[in-house]
Amino acid sequence: MIFEVFRQEKKGQAFQHAGSVEAPDAAFADAWAREQYGRRGESVALWLVPRSAVHEVSDWADEFDLKYRRVDGYSIKTRLAEARLRASAKRQQPAA
Amino acid sequence: MDSRTEEFLAYVQGGGQAEAGDWLPDEYRQKLIKFIEMHANSELMGVLPERDWILRAPTLQRKLALTAKVQDEVGHAQLIYRVAEDLGKPRDAMLSDLISGKAKFHNVFHYPTRTWGDVGVIAWLVDAAAIISQKALLKCSYAPYARIMKKICWEESFHILHGRDVILAMMTGTDAQRELVQEALNRWWAPLMQFHGNPIPRDEDPMWVWRIKSQGNEDARQQFLEGYVPQIWELGLTVPDPKLRRTDDGVWEYTEPDWDELRAVVTGHGPSSQERLAFRKRFLDQEKWVRETLAA
């Protein structure tokens with residue numbers, strides 16, 4: 001069985017993927033991962049996750065153009081420049 | 001090259017990284033396996049020269065440190081074999097290719113360790129040369145390999161310190177001890193200069209083209225010379241190369257390493273190649289029952 005190993009360097013930090021160990025069961029995976037990823041006190045905790053339990057999502061459809069949900073969906077700079085130009089042009093030419 | 005492969009090549013050349021589950025061009029996968037397998041073999045075989053000195057280490061502290069280093073290196077082999085297995089080559093096949101001589105391991109692990117001076121030179125300078133190669137893998141286009149390299153480089157930094165400490169203890173000791181270090185350096189200099197490989201241009205090196213490593217062979221050797229020759233000199237040691245010098249523009253000149261010797265050594269014709277392979281085979285056979293019991 002292959003176990004993916006995630007390690008946490010300090011309490012409160014995110015667990016990061018470090019590598020994997022192959023072991024017949026969780027007890028052996030525990031022993032080997034401790035040796036590989038913790039014997040110098042470099043991790044405060046480990047997560048051992050059977051690879052088969054990982055459900056990966058990596059296909060991101062964007063058929064509906066969801067730009068409005070993101071920062072890059074708004075072109076403030078161009079619009080603001082246009083608006084400023086317009087306002088100053090108006091100030092220079094008082095209403096006829 | 002088909003368009004999908006071209007696209008992948010452009011992706012990795014632009015700094016992109018691939019994960020274990022991604023589609024990989026066949027050529028890339030094969031190159032990766034070969035490279036990673038040799039790296040793992042080198043870690044596994046690399047402990048044998050040092051193992052010889054565990055029982056003969058001069059103090060208990062040195063014995064413990066050397067044992068810890070050997071454990072680290074075998075651990076690196078385990079991690080690296082794991083990465084190669086995910087790329088599709090089973091561990092059994094890698095170990096049997098190692099034993100039969102079909103797969104290679106680094107030149108420096110084909111030589112004997114004659115004295116405790118050799119142990120110091122290996123831990124200091126061989127590990128220093130190796131860490132330069134390994135740092136060039138931290139940005140490897142194959143991300144699982146790059147990730148384990150972080151841990152490996154971190155542990156190698158202890159080994160260099162351990163090696164420097166061994167050397168400094170001897171250099172501040174008696175004349176006989178200083179002589180042991182100088183003799184060891186004389187023996188190891190040629191293999192060290194061959195270690196990073198022949199100076200093929202970066203763009204002709206498939207490992208660079210696929211961004212498996214991030215520097216060319218000669219860049220690595222120059223980095224080694226720049227970093228370590230001054231440290232060797234400051235201890236009063238002599239580098240056994242009369243042509244060695246640093247030019248005004250910061251490039252190191254040296255006697256052309258013997259590339260035929262390098263080729264012969266890595267194809268199993270080094271002074272200790274066959275003895276080390278026989279040793280590894282004996283233990284693989286002897287411990288077969290452990291692997292079988294665990295797998296059952």
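**Student:** Help me understand the overall build of chain B, please; the structure alone is not making it clear to me.
**Tutor:** Within chain B one finds 12 helices and two strands. Listing the helices and strands of chain B from first to last along the sequence gives α-α-α-α-α-α-α-α-α-β-β-α-α-α. A compact globule built from 296 residues should have a C-alpha radius of gyration of about 19 Å, and chain B, at 20 Å, falls within 12% of that. Considering only C-alpha atoms, chain B reaches an extent of 65 × 55 × 30 Å along its principal axes. Per-residue burial over chain B gives 38% buried out of 296 residues. Intrachain contacts of chain B at a sequence separation of at least 6 include 74% that bridge at least 24 residues.

**Student:** When you look at the overall build of chain A in this model, what are you seeing that I'm missing?
**Tutor:** A count of helical and extended segments in chain A gives two helices and three strands. Moving toward the C terminus, one meets the helices and strands of chain A in the order β-β-α-β-α. For chain A, the C-alpha radius of gyration of 27 Å lies well beyond 12 Å, the compact-globule estimate for 96 residues. For chain A, the spread of C-alpha atoms along the principal axes amounts to about 85 × 35 × 15 Å. Counting all 96 residues of chain A, 14% fall into the buried class. Looking at chain A alone, contacts between residues at least 24 apart form 45% of all its contacts between residues at least 6 apart.

**Student:** How should the confidence of the model for chain B be read in this particular structure?
**Tutor:** Low-pLDDT stretches of the model should not have their predicted coordinates read in fine detail. Per-residue pLDDT for chain B has a mean of 95; in total, 100% of the residues score no lower than 70. Interface confidence for the predicted complex, expressed as ipTM, amounts to 0.76; the pTM equals 0.88.

**Student:** What is the right way to look at the nonpolar core in this model?
**Tutor:** For soluble globular proteins, nonpolar side chains are generally found buried alongside one another. Membership of the largest hydrophobic core comes to 62 residues, with the highest contact counts inside it found for B:I36, B:I80, B:L125, B:A129, B:Y145 and B:L192. Beyond its immediate chain neighbours, meaning those up to four positions away, B:Y145 contacts B:I36, B:V83, B:L137 and B:C140.

**Student:** What am I meant to see in unusual backbone geometry here?
**Tutor:** Negative phi values dominate among residues other than glycine, just as trans dominates among peptide bonds. Residues and elements named next belong to chain B. Backbone geometry places R211, a non-glycine residue, at a positive phi of 55°. Relative to the helices and strands, R211 resides in the loop between α8 (206-209) and α9 (217-234). For R211, a count of 21 C-beta atoms within 10 Å corresponds to the buried category.

**Student:** Looking at this structure, I do not really get the confidence of the model for chain A. What am I missing?
**Tutor:** Looking at chain A, the pLDDT average stands at 90 and 97% of residues meet or exceed 70. Model confidence for chain A, summarised as mean pLDDT per element, is weakest for helix α2 (residues 76-92) of chain A at 90 and strongest for strand β3 (residues 45-50) of chain A at 97.

**Student:** Any chance you could explain the sheet that holds β3(A) here in plain terms?
**Tutor:** Neighbouring strands of a sheet are bound in pairs by backbone hydrogen bonds; such pairs are parallel or else antiparallel. Residues and elements named next belong to chain A. The strand order across the open sheet built from three strands is β2-β1-β3, with neighbouring strands paired in antiparallel fashion. Only two strands of the sheet have a single partner each, and these edge strands are β2 (16-22) and β3. Looking at each pair of strands side by side, their axes are set apart by 30° on average, direction ignored. Sheet topology note: the strand β1 (residues 2-8)/β2 ladder contains six bridges and is antiparallel. Across the sheet, residue F3 finds its bridge partner in β2, namely V21.

**Student:** Quick question: what am I supposed to make of the interface of chain A and chain B here?
**Tutor:** Interface size is commonly expressed as the accessible area that is lost once the parts come together. In this complex, chain A contributes 10 residues to the contact, which on the side of chain B involves 10 residues. Those elements that provide at least two residues to the side of chain A that touches chain B are β2 and α1 (26-38) of chain A. For the side of chain A that touches chain B, the element with the highest residue contribution is β2(A), accounting for six residues. Classifying every residue of the side of chain A that touches chain B gives three nonpolar, four polar and three charged.

**Student:** What should I look at first to understand the packing of helix α3 (residues 60-86) of chain B against helix α6 (residues 143-171) of chain B in this one?
**Tutor:** Packed helix pairs are specified by the crossing angle of their axes together with the interaxial distance, meaning the distance between the axes. Residues and elements named next belong to chain B. Here α3 crosses α6 at 165°, and the two axes come no closer than 10 Å. When the axis of α3 is compared with that of α6, the two are roughly antiparallel. For the element pair α3 and α6, the recorded crossing hand is left-handed. Across the interface between the two elements, A65, K69, D72, H76, L79, I80, V83 and D86 of α3 pack against P144, Y145, I148, I152, E155, H159 and H162 of α6.

**Student:** What is the right way to look at the pairing of β1(A) in this model?
**Tutor:** Looking down a regular strand, the side chains alternate between one sheet face and the other. Residue and element names in this part refer to chain A. Of the two faces of β1, the one holding F3, V5 and R7 is buried and the one holding I2, E4, F6 and Q8 is not buried anywhere. The pairing of β1 with β3 spans six bridges and is antiparallel. Opposite F3, over in β3, you have P50 as the bridge partner.

**Student:** What's the story with the environment of B:G163 in this structure? I'm lost.
**Tutor:** Relative to the elements of secondary structure, B:G163 occurs in helix α6. The buried category is assigned to B:G163, around which 22 C-beta atoms lie within 10 Å.

**Student:** Please explain α2(A) as it appears in this structure.
**Tutor:** Quick reminder: α-helices carry 3.6 residues per turn. Residues three or four places apart thus point the same way. Along its 17 residues, α2(A) runs 24 Å from first to last C-alpha, staying within 8% of the 24 Å computed at 1.5 Å per residue. Of all 17 residues that make up α2(A), zero are buried, and the element is exposed over most of its length.

What counts as what
Residues numbered from 1 in each chain as written. Chains lettered and ligands numbered in written order. Predicted model: local features only at pLDDT ≥ 70, side-chain atom pairs only at ≥ 80, totals over all residues. Helix = DSSP H or I, 4+ residues; strand = E, 2+ residues; numbered from the N terminus. Rg over C-alpha atoms; globule rule 2.2 N^0.38 Å. Buried ≥ 20, exposed ≤ 12 C-beta atoms within 10 Å, placed from the backbone. Contact = placed C-beta atoms within 7 Å. pLDDT = per-residue confidence, 0-100. Core = buried A, V, L, I, M, F, W, Y, C linked by C-beta atoms within 7 Å. Pairing = 2+ DSSP bridges. Axes fitted to C-alpha atoms, helices over the stretch in contact; angles between N-to-C directions. Nonpolar A, V, L, I, M, F, W, Y, C, P; charged D, E, K, R; others polar. Parallel < 35°, antiparallel > 145°, perpendicular 65-115°, else oblique. Left-handed = near helix turned anticlockwise from the far one by under 90°. Expected span 1.5 Å × (residues − 1).

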